[in-house]
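Fold and geometry: a report
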Amino acid sequence: MNDPKPALTARPVISSTGLFTPAESITNEELVESFNRFVDRHNAANAEQIEAGKVEPLAHSSVEFIEKASGIRARHVMAKGPILDPEIMAPRWDERGDDELSIMAEIGVAAAREALERAGRDPKDVDAVLCAASNMQRPYPAMAIEIQQALGIDGFGFDMNVACSSATFGIQTAADYVRAGNAKSVLVVSPEITSGHLNWRDRDSHFIFGDVATAVLVEDEAIAPAAHWDILGTRLKTVFSNNIRNNFGFLNRAHPETADTPDKLFVQEGRKVFKEVVPMVAAMILEEAERLGVDPQALRRLWLHQANAGMNRLIAHKVLGHEASEDESPTVLDTYGNTSSAGSIIAFHLHSEDMVAGDTGLICSFGAGYSAGTVFVRKAS
């Protein structure tokens, strides 16, 4: 006789997470050597115009500059060789046919499979796939539907883009489906091939991003494994800003003369972002903690967006009321770089196993938009 299906609770939890990390990594030393060779070539080729004052010479980068500005020491990438080639300085791989699994779907599936395996979940029991990432490789068909097909999930899927906050926005969306009874199990997949939209020739940003994929399985508490995370509450916030922008899109063909200008890749006003985002995010966290009746200074761990070590240090200090230790606010930025929406999920995935029942923590993202998302969680008893 079959066991009866458990009665659903409409209480969303995080059952598990998954992570795909590319095999190749670029150190700051390797990146600087490549970038400086590019600079020397450019300055030599334009020596006469530089001498005449018609062209500004490019400046060298340095390991010290990168680490002081960001805290990043290395980043994983899908294609190391062409990125370090001064004549290319962009990822390269063979174009895949329409009948082949796309590269974003491939790494998303890898992360999703790990999340499913860790939860002991069969893909046929999942109702939906949300592909939440900062840049999609095509408008349609949706990456989420391709991932859904590859996993063998009979349900629905769609893409969502809220830049660096895509994963937390996806978690709230998935949690809302569970709360409403429209789904019992939802995969939030964030394949981030950010090397594709980074300007590797720009000294101010050439070191920022890395590639990765994460997955978060959000489910009804009734079917979740015992070792799950209760979602205490989620909050999302957006404030329009041009300080982080990427103008690439299909309408670029309407003005082909500017189709390859630098604004079609990642651009930012870093100092303005720092000054404006830190207080906004800290205030948002404290307001949501008060609404939920959570003492922010009692949070066991903060899994913050991995964009800049200085930003995280200040936000953590405002929330906890003291300088956070590495244990309280773990960093993956140093080895992964900024992985956009995946950053806080990597930190959660790699630095949550040691927490015990009753421990409370915060997953938080922030970035272009501006956008910010908080997910307060508690380890289940």
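Before reading on, note that the structure itself is shown above.
This section reports on the structure supplied with the text. (Residues numbered from 1 in each chain as written. Predicted model: local features only at pLDDT ≥ 70, side-chain atom pairs only at ≥ 80, totals over all residues. Heavy atoms only, no water.)

Things to note about the environment of serine 329
Selection rule: Here a helix means four or more residues in a row that DSSP labels H or I, a strand means two or more in a row labelled E, and each is numbered from the N terminus. Here's how the labels work: a residue is buried when its accessible area is under 20% of the maximum for its type, exposed when over 50%, partly exposed in between, all with a 1.4 Å probe on protein chains only. Whether two residues touch is decided by their heavy atoms; if any such pair falls within 4.5 Å, the residues are in contact.
Tracing the backbone shows serine 329 in the loop between α9 (309-320) and α10 (333-336). Classification of serine 329 as buried rests on a relative accessible area of 12%. On a C-alpha basis, the gap between serine 329 and arginine 301 in space is 5.8 Å, while along the polypeptide they are 28 residues apart. If we ignore the near neighbours within four places in the chain, the residues touching serine 329 are Leu302, Leu304, Ala316 and Ala324.

Considerations on the packing of aromatic side chains
For the record, the criterion: Any pair of Phe, Tyr and Trp rings, taking the six-membered ring for Trp, is counted once the centres come within 6.5 Å. Such a pair is stacked with planes under 30 degrees apart, edge-to-face with planes over 60 apart, and tilted for the rest. A positively charged side chain is recorded as over a ring if its NZ (Lys) or CZ (Arg) lies within 6 Å of the ring centre. The angle to the ring normal must also be within 35 degrees.
By the definition in use, this model includes 7 aromatic pairs. Feature note: the residues Trp229, Trp303 and Phe348 constitute an aromatic cluster, connected by ring pairs. For the cation-ring pair, arginine 203 lies above phenylalanine 65, with the distance from its terminal atom to the ring centre recorded as 4.1 Å.

Here's the deal with the packing of helix α5 (residues 103-119) against helix α6 (residues 143-151)
How two helices sit against one another is set out by the angle between their axes and by the gap between those axes. Filter applied, for reference: Working convention: axes come from line fits to C-alpha atoms, limited for helices to the stretch in contact. Angles between N-to-C directions cover 0 to 180 degrees. Between 65 and 115 degrees an angle is taken as roughly perpendicular, under 35 as roughly parallel, over 145 as roughly antiparallel, and anywhere else as oblique. Crossing handedness: left-handed means the near helix sits turned counterclockwise from the far one by under a right angle, and right-handed means the same turn made clockwise. By the convention adopted, Pro, Cys, Tyr, Trp, Phe, Met, Ile, Leu, Val and Ala count as nonpolar, Lys, Arg, Asp and Glu as charged, and the other residues, Gly among them, as polar.
The geometry of α5 relative to α6 is characterised by a closest axis approach of 9 Å and an angle of 55° between their N-to-C directions. In terms of orientation, α5 and α6 fall into the oblique class. Judged by the sense of rotation from one axis to the other, the crossing of α5 with α6 is right-handed. In this structure, α5 contributes Met104, Ala105, Gly108, Val109, Ala112, Arg113 and Leu116 to the contact, and α6 contributes Met143, Glu146, Ile147, Ala150 and Leu151. For the contact of α5 with α6, the per-class residue count stands at 9 nonpolar, 1 polar and 2 charged.

Focus: helix α11 (residues 343-350)
Here α11 lies mainly inside the structure; 7 of its 8 residues are buried. Of all the positions in α11, only Gly343, Ser344, Ile345, Ile346, Ala347, Phe348 and His349 are classed as buried.

Considering the nonpolar core
Selection criterion: Take the buried Ala, Val, Leu, Ile, Met, Phe, Trp, Tyr and Cys residues and link them wherever side-chain atoms come within 4.5 Å; each set so joined is a nonpolar core.
Counting residues in each nonpolar core, the largest one holds 44 residues, and the members touching the most others are Val281, Ile285, Leu299, Leu302, Ile315 and Phe366. Among the elements of the structure, α1 (28-45), α3 (63-70), α4 (80-84), α8 (270-292), β11 (301-304), α9, β12 (360-367) and β13 (371-379) are those that each provide at least two residues to this core. Residue contributions to this core peak at 8 residues, all from α8. Listed in part, the 32 residues of the second largest apolar core include Val212, Val332, Ile345 and Phe348.

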